[in-house]
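Below are the chains, spelled out letter by letter.
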Amino acid sequence: MREIYLDNAATTPMTPEVIDEMTKEMKESWGNASTGYSYGRHAKLVMENSRHVIAQSINADDNEIIFTSGGTESDNMAIIETAFKRQELGKHIITTAIEHEAVLKPLHFLEEHGFEVTYLPVDEHGNISIADFKQALRDDTILVTIMMGNNEVGSRMPIHEIGEILKDHQAWFHTDAVQAYGLLPIDVKADHIDMLSTSAHKLNGPKMMGFLYRRDGISFPSFIKGGDQETKRRAGTENVPAIAAFAKAVAADGPEEKAARQKRYYHFKQKIVQALTDAGIDFAVNGEVAPDNLNHVLNLWFKGISTYVMQTDLDLAGIAVSGGSACTAGSIEPSHVLTAMFGKDSPRVSESIRISFGVMNTDEEIAQLIATIIKTVEKLKQLKKGE
Ligand SMILES: Cc1ncc(COP(=O)(O)O)c(C=O)c1O
């Protein structure tokens, strides 16, 4: 049986080119980039060249990129350190109800330490409203942390508008771009973004690798205490082979490639929705199939079929998709994103799956997915009838 991997929002496989790059640098650039002799100088050169490629990809300057262990660390660093550094100016923070746990958990931690957090609600498409945001913004707001695009339903947040509103406000603007980075063109200067988190393993790079963009002019103490790496902004010996591999993945992901992927995934989505509709399957899309959303994510509600049953049956047929909120230790728990969109009593919360596409997926795989879903739903319907 041929396995089909359709959980690319959880993680992506490294491409052969990225594996080659990492392997090469494991052999050639294993020196400690902080040392002054030739091994260290070589590793540092590779690291700084990679930093340049990465900085260019979001229109940042090289010194604004801090390498981290990924999205979770970048989010934690931006949120917790901003709050503690700026608490004299206020204790209010704005976010959305549908952020990843890597944002929500640090915010819950801050609430335990006397900070006040406003969670903007979303509509049934997973969108926030600018009117709600304007209403929530206060003189004592010190941080706004709003994701660029959602990992469960693919909705986009109005980052440019929020950046425009905040450019004359004291609040620093952080965005979690972990899912968006591989698909959307990003310009931190045009969007007035102060901090931005990414993760390499979402765009065919290595795991435990990412960066925090921190605008020049913003500072907070090193989150991880130790050596003076990353110009004293993040202690710990840098993983140069992983950084080089990350840059390789980013370089393969220029504006044209991103646009082509968005188009291709949108086509996948349309094809699936059309085929299931034509087959008379009782289902609904959670969120919107819209060309400008994060098109690698398609979240579907199969009415009357539990997430667990659907995910397991597809797994048995060799197809890997996500049930509930992915990334949280493999457990299927009611999704806080679907709960925010439809309410906790909606059957969608426990009867939905997430399909997410990546560069390795083919049209044939999508056709096989469609056929398998139709077969699975029909089989489960028959079983129910016989009960
Ligand atoms: C939106 C978002 N933020 C943060 C993370 C965490 O990133 P990492 O796995 O690199 O820690 C994820 C992972 O799924 C994510 O989807």
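Residues numbered from 1 in each chain as written. Predicted model: local features only at pLDDT ≥ 70, side-chain atom pairs only at ≥ 80, totals over all residues. Heavy atoms only, no water.

### Overview of the nonpolar core
Where we set the bar: Residue types Ala, Val, Leu, Ile, Met, Phe, Trp, Tyr and Cys, when buried and joined through side-chain atoms within 4.5 Å, form a set referred to as a nonpolar core. For each residue, the accessible area found with a 1.4 Å probe, counting protein chains only, is set against the maximum for its type, and the residue is called buried under 20%, exposed over 50%, and partly exposed in between. Helix numbers and strand numbers start at the N terminus; a helix is a DSSP run of H or I with at least 4 residues, a strand a run of E with at least 2. Should any heavy atoms of two residues lie within 4.5 Å, those residues are considered in contact.
Ranked by internal contacts, the top residues of the largest apolar core, which has 85 residues, are Ile58, Val144, Ile146, Leu196, Phe211, Phe302 and Ile355. In terms of residue count, the dominant contributor to this core is helix α8 (residues 240-251) (9 residues). In this structure Ile355 touches Leu6, His296, Val297, Leu298, Leu300, Val321, Leu369 and Ile373, once residues within four positions along its chain are discounted. In this structure, Val103, Leu110, Ile142 and Ile218 belong to the second largest nonpolar core, which totals 17 residues.

### Quick word on the layout of surface pockets
The test is simple: Of the grid points, spaced at 1 Å and generated over the protein atoms alone, those admitting a 1.4 Å probe that cannot get out make up cavities, while open sets with protein on both sides within 12 Å along at least five of seven lines make up pockets; any residue with an atom within 4 Å of a point is treated as lining. Grid points are joined across faces, edges and corners, and a volume is the space filled by probe spheres set on the points. Put simply, Ala, Val, Leu, Ile, Met, Phe, Trp, Tyr, Cys and Pro go in the nonpolar bin, Asp, Glu, Lys and Arg in the charged bin, and everything else, Gly too, in the polar bin.
Taken as a whole, the second largest pocket holds about 230 Å³ of empty space. Lining the second largest pocket are 16 residues, with Gly304, Ile305, Leu380, Lys381 and Lys384 positioned closest to its centre. Top contributing element to the lining of the second largest pocket by residue count: helix α12 (residues 363-386), with 6 residues. Considering only residue class, the lining of the second largest pocket consists of 7 nonpolar, 3 polar and 6 charged.

### Describing helix α10 (residues 307-316)
What counts here: Taking the helix axis as origin, the arc is that swept by the directions to the C-beta atoms.
If you check which residues of α10 are buried, you get Thr307, Met310, Asp313 and Leu314. An end-on view of α10 places all buried positions within 145° of arc, on one side of the element. Exposed residues on α10 whose side chains face more than 90 degrees from its buried face are Tyr308 and Leu316. In this fold, the buried residues of α10 make contact with β10 (297-302), β11 (319-320), β12 (322-323), β13 (352-356) and α12. Following α10 by one or two positions, Gly318 adopts a phi angle in the positive range, close to 90°.

### Observations concerning unusual backbone geometry
Here the phi dihedral of Asn204 falls at roughly 65°; this positive angle occurs in a residue that is not glycine. With respect to the helices and strands, the residue Asn204 is situated in the loop between β7 (195-197) and β8 (210-214). The phi torsion at Lys232 lies on the positive side, around 65°, for a residue other than glycine. By the element assignment, Lys232 lies in helix α7 (residues 229-232). Look at Lys232 and you get exposed, because its relative accessible area is 56%.

### Some details on the packing of helix α3 (residues 71-86) against helix α4 (residues 101-112)
Selection rule: For helices, the axis comes from a line fit to the C-alpha atoms of the stretch in contact; other axes are also lines fit to C-alpha atoms, and the angle between any two N-to-C directions lies between 0 and 180 degrees. Orientation labels follow simple angle bins: below 35 degrees gives roughly parallel, above 145 gives roughly antiparallel, 65 to 115 gives roughly perpendicular, and whatever is left gives oblique. Take the far helix as your reference; a near helix turned counterclockwise from it by less than a right angle gives a left-handed crossing, and one turned clockwise gives a right-handed crossing.
As a packed pair, α3 and α4 sit with axes 9 Å apart at the nearest point and diverge in direction by 25°. The angle between the axes of α3 and α4 places the two elements in the roughly parallel class. Crossing geometry of α3 relative to α4 is assigned as right-handed. Together, Thr72, Asp75, Asn76, Ile79, Ile80, Ala83 and Phe84 of α3 and Ala102, Val103, Pro106, Leu107, Phe109 and Leu110 of α4 make up the contact between the two elements. Considering only residue class, the contact of α3 with α4 consists of 10 nonpolar, 2 polar and 1 charged.

### Concerning the environment of Ala235
As for its position among the elements, Ala235 is in the loop between α7 and α8. Between the C-alpha atoms of Ala235 and Lys225, which are 10 residues apart in sequence, the distance is 5.8 Å. Look past the residues within four positions of Ala235 in its chain and what remains in contact with it is Ser222, Ile224, Lys225, Gly226, Gly227 and Gln229.

### Side note on empty space enclosed by the protein
Space left empty within the atom packing is revealed by a probe, the size of a water molecule, rolled over the atoms. Following the criterion strictly, the structure yields 4 cavities of 30 Å³ or more and no others. Reported here for the largest cavity is a volume of approximately 160 Å³. Class assignment for the residues of the lining of the largest cavity results in 6 nonpolar, 7 polar and 3 charged.

### With respect to the side chain of Arg86
Applicable threshold: Counted as positive: Lys and Arg. Counted as negative: Asp and Glu. His and the chain ends are not counted at all. For this analysis, a salt bridge means a side-chain nitrogen from Lys or Arg found within 4 Å of a carboxyl oxygen belonging to Asp or Glu.
One can find Arg86 in helix α3. An unpaired buried charge is present at Arg86: no salt bridge exists, and Asp194, the closest side chain of opposite charge, is 7.1 Å distant. Setting aside anything within four residues of it in sequence, one finds Arg86 in contact with Ile142, Gln170, Ala171 and Trp172.

### Here we look at the packing of aromatic side chains
For the record, the criterion: Two rings from Phe, Tyr or Trp (for Trp, the six-membered ring) form a pair when their centres are within 6.5 Å of each other. A pair whose planes differ by under 30 degrees is stacked, one over 60 is edge-to-face, and the rest are tilted.
Applying the stated criterion to the full structure yields 11 aromatic pairs. Considering the side-chain rings of Tyr265 and Phe357, the 5.9 Å spacing of their centres and the 35° angle between planes classify their relative orientation as tilted. Here the residue Tyr265 occupies a position in helix α9 (residues 255-278), and Phe357 occupies one in the loop between β13 and α12, the gap between them amounting to 92 residues. The burial state of Tyr265 is the same as that of Phe357; both residues are buried. Three or more aromatic residues joined by ring pairs form one cluster here, namely Trp30, Tyr37 and Tyr39.

### Side note on the confidence of the model for the protein chain
Applied cut-off: Values of pLDDT, ranging from 0 to 100, describe the predictor's confidence in every residue of the model.
Mean pLDDT over the protein chain stands at 96; residues scoring 70 or higher make up 97%. Per-element confidence in the protein chain is highest for strand β3 (residues 92-96), whose mean pLDDT is 99, and lowest for β12, whose mean pLDDT is 92. Confidence drops under a pLDDT of 50 for residues 325-329, and excluding neighbours within four residues, the segment shows 10 contacts in the predicted structure.

### Quick notes on a nonpolar patch on the surface
The criterion, for reference: Patches draw on residues past 30% relative accessible area with no salt bridge. Two like charges within 9 Å are joined, as are two nonpolar side chains (Val, Leu, Ile, Met, Phe, Trp, Tyr) within 5 Å. Only the protein chains shown count as cover for residues, and all accessible areas are computed by the Shrake-Rupley method using a 1.4 Å probe.
On the surface, a cluster of nonpolar side chains totalling about 420 Å² of accessible area is made up of Trp30, Tyr37 and Tyr39. By the secondary structure assignment, Tyr37 is in the loop between α1 (16-28) and α2 (38-57).

### Details of the pairing of β8
For the record, the criterion: Note on pairing: two strands pair once DSSP finds at least 2 bridges between them.
With 5 of its 5 residues buried, β8 lies for the most part within the structure. Taking every second residue as pointing to the same face, both faces of β8 are buried, with Gly210, Leu212 and Arg214 on one and Phe211 and Tyr213 on the other. As paired strands, strand β2 (residues 65-68) and β8 are joined by 4 bridges and run antiparallel to one another. What sits directly across from Ile65, in β8, is Tyr213. Here β7 runs beside β8; their pairing, made up of 3 bridges, is antiparallel.

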